[in-house]
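Structural overview
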Amino acid sequence: MSEQAPARKGRTAAIGWALTIAFNIVAPIMTYNHLTSAGYGEVTALLASAAWPVVDIGVHLAWHRRVDEFAVISLVFMALTVVVTLAGPQSARLLLVKDSLVTGIFGIACLASLAAPRPMMFYFGRKFATDGTPAAISWWNGLWQYEGFRRVQRNLTIGWGLAYVAEAALRIALSYALDTASMVTLNSVLSYAVTGALIFWTITYARRSRPKAAAAAPVAEPAAG
């Protein structure tokens, strides 16, 4: 297994990124906002929004002949959002708390995935570090043989998991300390700020870890062979 990444197909990668962002981020948000502004309930809007990751799974399956893990995870957490929203009494404050609980569940899922054969960030990395072609997927999967690569994926998963659990705890505490109007604004700002910081940290950490992993690869390769 070569540690050198296969040449990315720029057009394929661009289309893949565009579809992922469109079906899992843009379309669900637009659908939710449009339906709620048109007078539909939050649960109805969430259920309608959840249809878009299903479309993404179908497109990815038809194109690459395999299921896209990122779309599956998006669908699972939209379903969790619906369940959490329906559970218990309904109030503006509790809806904010429930929204934070979904974030916390994602953090817990990241930490729980450390017990699986491969942690969650391995699959997220494969989604965004490759163009989705069989050669690129095979290359990414093959990197798991290197101890340095495995350590980076586990550390990234720990970082994302702990950050989202901490963010959820903070948002829940603030939901009871601040008035609802202030918390609605802070909720979005804090969510995007934490996600942006995690993405920056992920890119920086992965780049700094790459030389160490490359140095260890020639030692690991004969053993793997």
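Let me sum up the structure you'll find in this document. Predicted model only: the values in this text are computed from it and were never measured.

1. Structural notes on the nonpolar core
In terms of nonpolar packing, the biggest core is built from twelve residues, these being F106, C110, M120, M121, F124, V152, L156, W160, Y164, L190, V194 and L198. Among the secondary structure elements, those contributing two or more residues to this core are α5 (92–112), α6 (120–129), α8 (147–177) and α9 (180–224). Once you skip the residues sitting within four places of it in the chain, V152 turns out to touch Y205 and S209.

2. What about the environment of Y32?
Positionally, Y32 belongs in helix α1 (residues 10–37). What makes Y32 partly exposed here is its relative accessible area of 24%.

3. What about a nonpolar patch on the surface?
A cluster of nonpolar side chains, I21, I25, V26, I29, M30 and Y192, forms an exposed patch at the surface whose accessible area comes to about 580 Å². With five residues, the single largest contributor to the nonpolar patch is α1. Topologically, M30 is positioned in helix α1.

4. Looking at the pattern of salt bridges
Scanning the model with the defined rule gives two salt bridges in all. Residue E147 is joined to R151 by a salt bridge in which the shortest nitrogen-to-oxygen separation is 2.6 Å. With E147 and R151 both in helix α8 and four residues apart, the pair spans about one turn of that helix.

What counts and how
Residues numbered from 1 in each chain as written. Predicted model: local features only at pLDDT ≥ 70, side-chain atom pairs only at ≥ 80, totals over all residues. Heavy atoms only, no water. Core = buried A, V, L, I, M, F, W, Y, C linked by side-chain atoms within 4.5 Å. Buried < 20%, exposed > 50% of the residue type's maximum accessible area, 1.4 Å probe, protein only. Helix = DSSP H or I, 4+ residues; strand = E, 2+ residues; numbered from the N terminus. Contact = heavy atoms within 4.5 Å. Patch = residues over 30% accessible without salt bridge, like charges linked within 9 Å, V, L, I, M, F, W, Y side chains within 5 Å. Areas by Shrake-Rupley, 256 points an atom, 1.4 Å probe, with all protein chains shown as cover. Salt bridge = Lys/Arg side-chain N within 4 Å of Asp/Glu carboxyl O.

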